[in-house]
Each structure stands twice: as C-alpha cells, then as structure tokens.
Amino acid sequence: MRIGILGTGAMADALGTQWARAGHEVRAGSRSGGLREAAEFGTDAVLLAVPYGAAVDVVAGLAPALRGRVLIDCTNPVGPGFSLLTEGGPAAAERIASAAPGAHVVKAFNLCHVDVWRLTPPVFDGRPLAVPLCGDDEGALDVVRRLVRDVGCEPLNAGGLRRAALAEATAALLIGLWVGEGADAQAIAPPLEYAG
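Because the structure is predicted, anything quoted here is derived from the model rather than measured.

## Examining the side chain of Lys 107
Inference 1: Relative to the helices and strands, Lys 107 is located in strand β5 (residues 104–107).
Inference 2: Since its relative accessible area comes to 1%, Lys 107 is described here as buried.
Inference 3: Of note is the side chain of Lys 107, whose polar atom sits 2.8 Å from the side chain of Asp 73.
Inference 4: A polar contact of 2.9 Å, which involves the side chain of Lys 107, links it to the side chain of Glu 168.
Inference 5: In this structure Lys 107 touches Asp 73, Thr 75, Ala 92, Ala 93, Pro 132, Leu 133, Cys 134, Leu 161, Ala 164 and Glu 168, once residues within four positions along its chain are discounted.

## Focus: the pairing of strand β8 (residues 130–135)
Taken residue by residue, a regular strand's side chains alternate between the two faces of the sheet.
Inference 1: The pairing of β5 with β8 spans two bridges and is classified as antiparallel. When the sheet's bridge partners are listed, Val 106 is paired in β8 with Gly 135.
Inference 2: Bridge analysis of β8 against strand β9 (residues 154–157) gives four bridges, and the strand direction is parallel. Across the sheet, residue Leu 133 finds its bridge partner in β9, namely Asn 157.

## Looking at the sheet that holds β9
Inference 1: Ordered by their spatial adjacency, seven strands build an open sheet running β2-β1-β3-β4-β5-β8-β9, and the pairing between neighbours is mixed. The sheet terminates laterally at β2 (25–29) and β9, the two strands that pair on one side only. With direction set aside, neighbouring strand axes in the sheet form an average angle of 30°.
Inference 2: Where helix α5 (residues 92–99) meets the sheet, it contacts β3 (45–48), β4 (70–73) and β5, and its direction lies at approximately 165° from that of β5.

## Re the pairing of β2
Inference 1: Relative to β2, strand β1 (residues 2–6) runs parallel, the two sharing five bridges. Across the sheet, the residue bridging to Ile 3 is Val 26, located in β2.
Inference 2: Following the backbone out of β1, through helix α1 (residues 10–21) and into the adjacent parallel β2, one traces a crossover that is right-handed.

## As for α1
Inference 1: Under the 1.5 Å per step criterion, the end-to-end length of α1 is 16 Å for twelve residues, consistent within 8% with the ideal 16 Å.
Inference 2: Buried residues along α1 sit against β1, β2, β3, β4, α6 (114–117) and α7 (138–150).
Inference 3: Of the residues one or two after α1, Gly 23 is the one with positive phi, at around 100°.

Cut-off values and rules
Residues numbered from 1 in each chain as written. Predicted model: local features only at pLDDT ≥ 70, side-chain atom pairs only at ≥ 80, totals over all residues. Heavy atoms only, no water. Helix = DSSP H or I, 4+ residues; strand = E, 2+ residues; numbered from the N terminus. Buried < 20%, exposed > 50% of the residue type's maximum accessible area, 1.4 Å probe, protein only. Polar contact = N/O pair within 3.5 Å; in protein donor to acceptor, adjacent residues only side chain to side chain. Contact = heavy atoms within 4.5 Å. Pairing = 2+ DSSP bridges. Axes fitted to C-alpha atoms, helices over the stretch in contact; angles between N-to-C directions. Right-handed = clockwise from strand over helix to strand, strands pointing away. Expected span 1.5 Å × (residues − 1).

Below you can see the structure in the form of structure tokens.
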C-alpha cells in the first residue's frame, strides 16, 4: 500500500516504521513542509499524526487532497488534568471528518503510548494487542484492519464514527489512570468469560 503520514513526530515514526517493515510505501510530511505531498502520496491510506490542537486546521487545508482517501485519526483530545477537550461532542474524529468531508475517517491507534507501537509485535502474555476501530465506510475499515494486523495487532469493530467519542473518552480515562495515578489500567476489566 501507499501510505501518507501527516506529521513527523513519534506516532508518525512508530507506525510508519512498522508499516514500512511490513512492505508498504510510506511518505511523511510535517507542518513545516510536505503535508500536501504526503496526503497526495497516500492513495491507500493517510495517517493523521499531528497534535489534536492542529488536526482540524491541517485536515481542512488538505481537504481536496484527502477526497476519497482513507484517513486514520490517531489523535487524542486530552487536555490539562487528563480532561476531554471535546466533552459534550462532537468527537475529535467527527470534527476531522467535517473538515475533510470527502475523506473516509477511521478512528484507530489512539489508546496506547507510542512506545507500544514500536514493539514488534505488541503482544502481552501471549495475547496480541487489540485495536478498536470506529468508522462508517466498510472499505476504509478493511484497509485499516489490514494495517492493524501488519503491526501485529488484532482489529476490533467498535462501531460507526459516532462511537469515536467513546474511544477518545476511554483514552482520557486510561491516560489519567496510567500517567496520573500510576495505576495498572488493564486491571479495570475482567476476562471475557466474566464480562457477561
């Protein structure tokens, strides 16, 4: 696949390196140059990997180049005190979709620290990491499912793009527990056989 990456920070590097290792062609651009070229290069997928505060403006400025593209949103609208900056809605992913109405936005890769995405593969106690996906376009979801598997993870269907707000709120909660409290946030969920 040809994957464009909007951003050149840690998330862009971690996921881009994994996808290049899996045999994909990857091109990244930064806000100081190359964003449009990266968007145009990503004929199969474009990863939005800029800070949330810049995401909507970046995407709006690239809307024509993103038309028809699969746009993967890994941003987290988390502010001071681990607050959710989009509380009350719409979700960050929905705002991004509104800024580039011709793109097929999929929320993914937002629940883990960048160091997790550098693992090859992210497997814990023999269990591959699961990545929830929120999106409305089945073709776009298929592309992102493949990219999730290419980093050694398992994709999970988390519903349509409207449910991205839940994924973003989950990120704010988990980050607050992990970073703010130093807690093992994974311990808040029982094994599947006890979930029903």
